[in-house]
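# Architecture at a glance
Residues per chain are reported as follows:
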Amino acid sequence: MKLRNILGVAAALIVVVAAAGYVVLVPGEAERPPPAGMTEPKLVPLSVPFTHRWAKATSHARRRGHRRRRRRARRGVPQRTAGRQNTFTASFVDLDRDGWPDLVLAQNTGEVEILRYGGDSKFARPDFHSGYDFWMGLAFGDVDRDGGLDIFLSNIGNSIPALLVKGDRRDDQKPANEWLPLRNDGGFRFTDITAAAGVGGFGFGWGGVFEDVNLDGAPDLLVAENYVKWSVHRLFKLPGKLLLGDPGTGAKFYTSDAASNAAYGHVPLIADVDGDGRNDIVWANMDGAARAYLNRTDGRFVSVRLADSPASIGARIRLAGVPAPVQVFIAGEGLTSDRTTQFTFGLAKDGPAPAAQVVEWADGQVTRIPAPPENKTIFAVRPP
Ligand SMILES: [Ca+2]
Ligand SMILES: [Ca+2]
Ligand SMILES: [Ca+2]
Ligand SMILES: [Ca+2]
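Residues numbered from 1 in each chain as written. Chains lettered and ligands numbered in written order. Predicted model: local features only at pLDDT ≥ 70, side-chain atom pairs only at ≥ 80, totals over all residues.

## Focus on the overall build of the chain
When its secondary structure is counted, the chain shows three helices and 27 strands. By the burial criterion, 41% of the 384 residues in the chain qualify as buried. Intrachain contacts of the chain at a sequence separation of at least 6 include 61% that bridge at least 24 residues. (Helix = DSSP H or I, 4+ residues; strand = E, 2+ residues; numbered from the N terminus. Buried ≥ 20, exposed ≤ 12 C-beta atoms within 10 Å, placed from the backbone. Contact = placed C-beta atoms within 7 Å.)

In structure tokens form, the structure reads like this:
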């Protein structure tokens, strides 16, 4: 047998063994179908003619960085954990409603850092510990509709055996291996609600965003998945997640395949592509064309668009007279991405109409829009 044939057979065997090992070592993803009666979103695929090659553009520099850290570790150079690896996403957002933006950082092989800023020129570190992992995506939404912004963080989940992805973690720093939804209990106290919210048992996550896709009033969660450089994901692709929030409690999620994206997702983007008032979905992908879905869900909603300017950053939008989540315009969430300035609120099918749509600007001014028209978008501009 020629050497070339022998190498071919050996390569095939390695692929088969790696695939078999992956199936044995790595659990599949959890599935939690929604209960009967829950609104399924109606999403229509849209052709998108651009391709994003993020992974290929950055992989060489990242490999060089990993080699340099390994050499330093072998020479006995002390290796700090947090701060030496990538910080994937960082967002300024007012978590305690004192009018000052606080800071949340999602970083590789470290702990999530939540830093409180009180306007006194320094950041304080509340007593919060997320566990160590490859934290990447960062989203903010009011999942329990109590007026306080809750947080969602993604990581590599259960997709890769922990012994293969140690990074800069020390032996005593155990990986979390689960995505992390945090309920904001006020006063910089946060509760891990992974199990209660049904967000455990998922795979390699990247950027995430909250959006009420099925217009039932409860924030839903979209999370990109896959890692193009982890070769087994070429065989076992992860489809990305659309998790529908429970309209009863809002703090529990169910899986839906209505916005599937098995194309190495980097981040879901939210924008009203066709201007009909319902926000649509664009998956930015690492190694292929973007994939988009137009939102054609039947349902009642009110929608407000802010000026796309720094004056809109930090604005809190809420409805008066009906239970609804608060939404906040945050410059930078998802994963190295941004979101639209259009905020859409789904309304209960037979519920009352909101008395007003209220925009609380970061400078303290308030714009109140009484009896907002349903199923269309209105514009709000911060007063001078
Ligand atoms: Ca604050
Ligand atoms: Ca909340
Ligand atoms: Ca929803
Ligand atoms: Ca739309």
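## With respect to the pairing of strand S4 (residues 102-107)
With six bridges joining them, strand S3 (residues 87-93) and S4 adopt antiparallel strand pairing. Its bridge partner being in S4, Phe-92 is matched across the sheet by Leu-103. In terms of strand pairing, S4 meets strand S6 (residues 113-117) through three bridges, oriented antiparallel. When the sheet's bridge partners are listed, Val-104 is paired in S6 with Ile-114. (Pairing = 2+ DSSP bridges.)

## A word on the nonpolar core
Counting residues in each nonpolar core, the largest one holds 74 residues, and the members touching the most others are Phe-140, Leu-153, Leu-221, Ile-281 and Val-328. Among the elements that line this core, the one with the most residues is strand S14 (residues 220-225), at four residues. Apart from the residues within four sequence positions on either side, Ile-281 is in contact with Leu-43, Leu-222, Ala-259, Pro-268, Ile-270, Ala-292 and Tyr-293. Of all hydrophobic cores here, the second largest spans seven residues; its members include Leu-215, Leu-319, Ala-324 and Phe-345. (Core = buried A, V, L, I, M, F, W, Y, C linked by C-beta atoms within 7 Å.)

## Topic: the sheet that holds strand S22 (residues 316-320)
Reading across from one edge, S23-S22-S25-S26 is the order of the four strands in this open sheet, with antiparallel pairing throughout. Every other strand in the sheet has two partners, leaving strand S23 (327-328) and strand S26 (366-370) as the edge strands with one partner each. Sheet analysis places S22 next to S23, joined by two bridges and oriented antiparallel. Residue Arg-316 lies in a different strand from S23, and its bridge partner there is Val-328.

## Details of the sheet that holds strand S1 (residues 43-46)
A sheet is described by the order of its strands in space; here four strands give the open sequence S1-S20-S18-S17, paired in antiparallel fashion. Bordering the open sheet on either side are S1 and strand S17 (265-271), each of which pairs with just one other strand. Taken over all neighbouring pairs, the strand axes of this sheet differ in orientation by 25° on average, direction set aside. Sheet topology note: the S17/strand S18 (residues 280-285) ladder contains six bridges and is antiparallel. Following the sheet pairing, Ile-270 is matched in S18 by Ile-281. (Axes fitted to C-alpha atoms, helices over the stretch in contact; angles between N-to-C directions.)

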